[in-house]
Amino acid sequence: MNKSNKIINILFFMLIFSGNLFAQSATELEGEFKLAPAIILIILLVTFIMVGFFNRAKDTKTYWAAGRKISPVGAGMAIASNWMSAASFLGMAAVMYGSGYHGLSYVIGWTGGYVLLLILMAGQIRRYGKYTTADFIGDRYYSQGLRGVGAGLAIFISFSYCVGQFAGIGLMFKWILGIDYAWAVIIGASVVLTYTLISGMLGVTKNMQIQYVIIIASFIIPLFILTYKFGYFYWLPQVGYGEIISDIVNGIAPGKGLSSLGHDFAILPSPEFAMPWDPATGQTAFQWIAICFSLMIGTAGLPHVIQRFYVVPRAKDARWSVVWGLFFICILYWSAPIYSAFGKILSSNPEVGVLAKDAIVVYTAQLGDLYPLIIGFLAAGAVSAAFSTVSGLLVAGASAFSHDLYFNVINPKATEQKQMLMARVGTILMAAGVAIIALLELGLIAQLVAVAFSLAGCTIFPLFLLGIWWSGSNRTGAWAGLIAGGSVALVAQVYFLAGKLGVVLPYHEFIHYYLNAWYFAWLGAPLAIISNIVASLLAKEKTPLEIKKFLAEKVHNYDVS
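Residues numbered from 1 in each chain as written. Predicted model: local features only at pLDDT ≥ 70, side-chain atom pairs only at ≥ 80, totals over all residues. Heavy atoms only, no water.

It is worth spelling out the overall build of the protein at this point. Scanning the protein from terminus to terminus reveals 23 helices and two strands. For the protein, the residues scored as buried account for 58% of the 561 residues in total. Of the roughly 21500 Å² of accessible surface on the protein, a fraction of 68% belongs to carbon and sulfur atoms. (Helix = DSSP H or I, 4+ residues; strand = E, 2+ residues; numbered from the N terminus. Buried < 20%, exposed > 50% of the residue type's maximum accessible area, 1.4 Å probe, protein only. Areas by Shrake-Rupley, 256 points an atom, 1.4 Å probe, with all protein chains shown as cover.)

Quick look at the structure:
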């Protein structure tokens, strides 16, 4: 028996032994080290670092765009993995667990965003042939100033998005290792930073393909077991969970045999859980629609999502990567509501107490008394989801810092080695800053991520939409749109931070309702588009002829000769 087989056998017996130990304390939801999940987690983390090492970036093209050699299916898996962040894996179920039907706005908004990308932008973005969002903005609007602003936006949006992911990593490391949340964030951030620094976009993309398999397998397997165990339709849980919703709406009488922590229990009717915009949820139809709209256009403007279209060889591959990505994403999105429904029932036992909403996916499996290794695998899947997104965000932010700000604006004569150094410095600075903000615990994971979406929808999406489809959009229009959309975003962010600090500003209730930090793009994006169009038409300057010709011939394949 060779050395590697011995190691595998030792780990296997440790997993079995630790699983039996963990089973003895299945009712402990917090505060203890869980050996079986910890071993699974360590194996995965070592795998991610090794994949990053064997696919490490040797030049800037590999660090930023993976050498543009990723296949459509591989890119689709990476898109799905990159997309299925802690907000998808943990946050969606958390929002639906807390607000029922209203939480579906996140599912619809995020999925609809990829449909927008498929129809409006994916192929055209790849044909334009740049590396980053700021590359496109600076070139299309022939402005170094706009390039710098675009890079700053990419960094800030990636930063905001990253905060929610680090919160998810901290939450799962805390649950698995039984350590303080602060140390959990620091340890998790250190690991993901390590393999991102080594590999860049190539290793990150390869890891995302592995992480996708882990994410889906860990998310789906417990659902079949839970539905089978509690007597629901288990052949296709995504269809059969409607009966669980009915039980929540109508209530469960004593004696049905439903139990948690070894005790049978009943639950009172909760009709608001399945009703759209029920007053009991405190949410309205306007808020539901505003969230959907903001998330859709925000998805189509996220720098790390757009950057994924640069890693494939051709425009056709970019479109197919979105199709595959949508397919892979929908598998998880179709399943998330089941965890919220089971969590609602199983956590209603008075002995359970108050649970952290963002951990309800793992708590549901634990309250359902699943085998500890299954629960550990589920928690590891949550970590994989956060890691896959964080790594993509760190690369996007580092690319904006090194390629767009440092090389294209500050030091155009920088050598390849200098650019790589600055990319890694930018990655470290961003990871450190995100970890610090994540320690403040400003909100639910899905809500923290929604801030980044609204900001992207107000700023980057209008620039790409008009930049691709209207050659008349010019530099003046771009500045006007950025100022208009950015102003709305600034107002929403100031009121959000003031509220967190306990400061009540004038018209607080009005702004909180209509320009909430989670969905202010419903106003900011249309205002930015209108401002861009009006200013472009009124400006004396016009879009340079060579850019119009490039758009027609290269981006839209139209022969102007």
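What follows deals with the packing of helix H20 (residues 475–500) against helix H22 (residues 521–538). Running from N to C, H20 and H22 cross one another at 155°; their axes reach a closest spacing of 7 Å. If you check the angle between H20 and H22, you find them roughly antiparallel. At the point where H20 passes H22, the crossing takes the right-handed sense. For the pair H20 and H22, the contacting residues are Thr476, Gly477, Ala478, Ala480, Gly481, Ala484, Gly485 and Val488 in the first and Gly524, Leu527, Ala528, Ser531, Asn532, Ala535 and Ser536 in the second. The residue makeup of the contact of H20 with H22, split by class, is seven nonpolar, eight polar and no charged. (Axes fitted to C-alpha atoms, helices over the stretch in contact; angles between N-to-C directions. Parallel < 35°, antiparallel > 145°, perpendicular 65-115°, else oblique. Left-handed = near helix turned anticlockwise from the far one by under 90°. Contact = heavy atoms within 4.5 Å. Nonpolar A, V, L, I, M, F, W, Y, C, P; charged D, E, K, R; others polar.)

With that settled, the discussion passes to the pattern of salt bridges. One pass over the structure, following the stated rule, counts two salt bridges. Across the pair Arg147 and Asp135 runs a salt bridge whose closest N-O atoms are separated by 2.8 Å. A residue pair is termed long-range when its members are at least 10 positions apart, and Arg147 in helix H8 (residues 144–177) and Asp135 in helix H7 (residues 133–140) qualify at twelve residues. Just as Arg147 is buried, Asp135 falls in that class too. (Salt bridge = Lys/Arg side-chain N within 4 Å of Asp/Glu carboxyl O.)

Before going further, it helps to examine the nonpolar core. Phe89, Phe166, Met172, Ile244, Leu332, Phe387 and Phe464 are the most contacted members of the largest nonpolar core, which has 148 residues in total. The biggest single contributor to this core is helix H9 (residues 181–229), with 16 residues. Non-local contacts of Met172, meaning those with residues more than four positions away in its chain, are made with Leu90, Ala359, Val362, Ala379, Ala382 and Val383. (Core = buried A, V, L, I, M, F, W, Y, C linked by side-chain atoms within 4.5 Å.)

This part covers the environment of Leu421. By the element assignment, Leu421 lies in helix H18 (residues 416–438). Assessed through its relative accessible area of 46%, Leu421 is described here as partly exposed.

So, about the environment of Leu378. Looking at the secondary structure, you find Leu378 in helix H17 (residues 372–410). Taking C-alpha positions, Leu378 is 9.9 Å from Ile40, a pair spaced 338 residues apart along the chain. When residues no more than four places from it in sequence are discounted, the contact partners of Leu378 are Phe89, Ser218, Phe219, Pro222, Tyr339, Val361, Val362 and Ala365.

A few words on the packing of aromatic side chains. Tallied over the entire structure, the rule returns 16 aromatic pairs. Plain terms: the ring middles of Tyr128 and Phe550 are 5.0 Å apart, the flat faces sit at 75° to each other, and that makes the pair edge-to-face. With Tyr128 in helix H6 (residues 104–128) and Phe550 in helix H23 (residues 545–555), this residue pair connects regions lying 422 residues apart in the sequence. Look at Tyr128 and you get buried, because its relative accessible area is 5%. (Phe/Tyr/Trp six-rings, centres within 6.5 Å; stacked < 30°, edge-to-face > 60°.)

A cluster of nonpolar side chains, contributed by Ile42, Val46, Met50, Phe53 and Phe54, occupies part of the molecular surface with about 500 Å² of accessible area. By secondary structure assignment, the location of Phe53 is in helix H2 (residues 35–54). (Patch = residues over 30% accessible without salt bridge, like charges linked within 9 Å, V, L, I, M, F, W, Y side chains within 5 Å.)

The subject of this paragraph is helix H11 (residues 242–250). Taken residue by residue, H11 has Ile244, Ile245, Asp247 and Ile248 as its buried positions. Down the axis of H11, the buried set is contained in an arc of 160°. They therefore lie on one face. For H11, the elements touching its buried residues are helix H10 (237–240) and helix H15 (336–346). Within two residues after H11, Gly251 carries a phi angle of roughly 90°, on the positive side. (Arc of directions from axis to C-beta.)

Backbone geometry places Asp369, a non-glycine residue, at a positive phi of 55°. When you line up the elements, Asp369 lands in the loop between helix H16 (360–367) and H17. We note that Tyr507 has phi near 60°; this positive angle belongs to a residue other than glycine. Considering the arrangement of structural elements, one finds Tyr507 in the loop between H20 and helix H21 (508–514).

Contact geometry of H11 with H15 gives a least axis separation of 10 Å together with a crossing angle of 35°. Crossing of H11 over H15 shows left-handed handedness. Along its contact with H11, which presents Ile244, Ile245, Asp247 and Ile248, the element H15 presents Ile338, Ala341, Phe342, Lys344 and Ile345. Partitioning the contact of H11 with H15 into residue classes produces seven nonpolar, no polar and two charged.

The buried count for H15 comes to ten of eleven residues, which makes it a mostly enclosed element. Every buried residue of H15 is accounted for by Ala336, Pro337, Ile338, Tyr339, Ser340, Ala341, Phe342, Gly343, Ile345 and Leu346.

We now examine the environment of Ser99. Residue placement: Ser99 occurs in helix H5 (residues 86–99). Each C-alpha atom of the pair Ser99 and Ala274 lies 9.2 Å from the other, and the pair is 175 residues apart in sequence. Of note is the side chain of Ser99, whose polar atom sits 2.8 Å from the backbone oxygen of Val95. (Polar contact = N/O pair within 3.5 Å; in protein donor to acceptor, adjacent residues only side chain to side chain.)

Next up on the list: the side chain of Ser473. Among the structural elements, Ser473 can be located in the loop between helix H19 (445–469) and H20. On the basis of relative accessible area, Ser473 is assigned to the buried category, the value being 0%. Within the local environment of Ser473, its side chain forms a polar contact with the side chain of Asn532, the two groups lying 2.9 Å apart. Those residues in contact with Ser473 that lie beyond four places of it in its chain are Arg140, Tyr141, Leu466, Asn532, Ser536 and Thr543.

Mean pLDDT over the protein stands at 78; residues scoring 70 or higher make up 78%. Helix H1 (residues 3–23) is the least confidently modelled element of the protein, averaging 41 in pLDDT, while H22 averages 96, the highest of any element. Of the regions scoring below 50 in pLDDT, residues 1–28 engages in 30 contacts with residues more than four places distant in sequence or in other chains. Note on residues 64–68: pLDDT under 50 across the span, and 26 contacts to partners over four residues away in sequence or across chains. (pLDDT = per-residue confidence, 0-100.)

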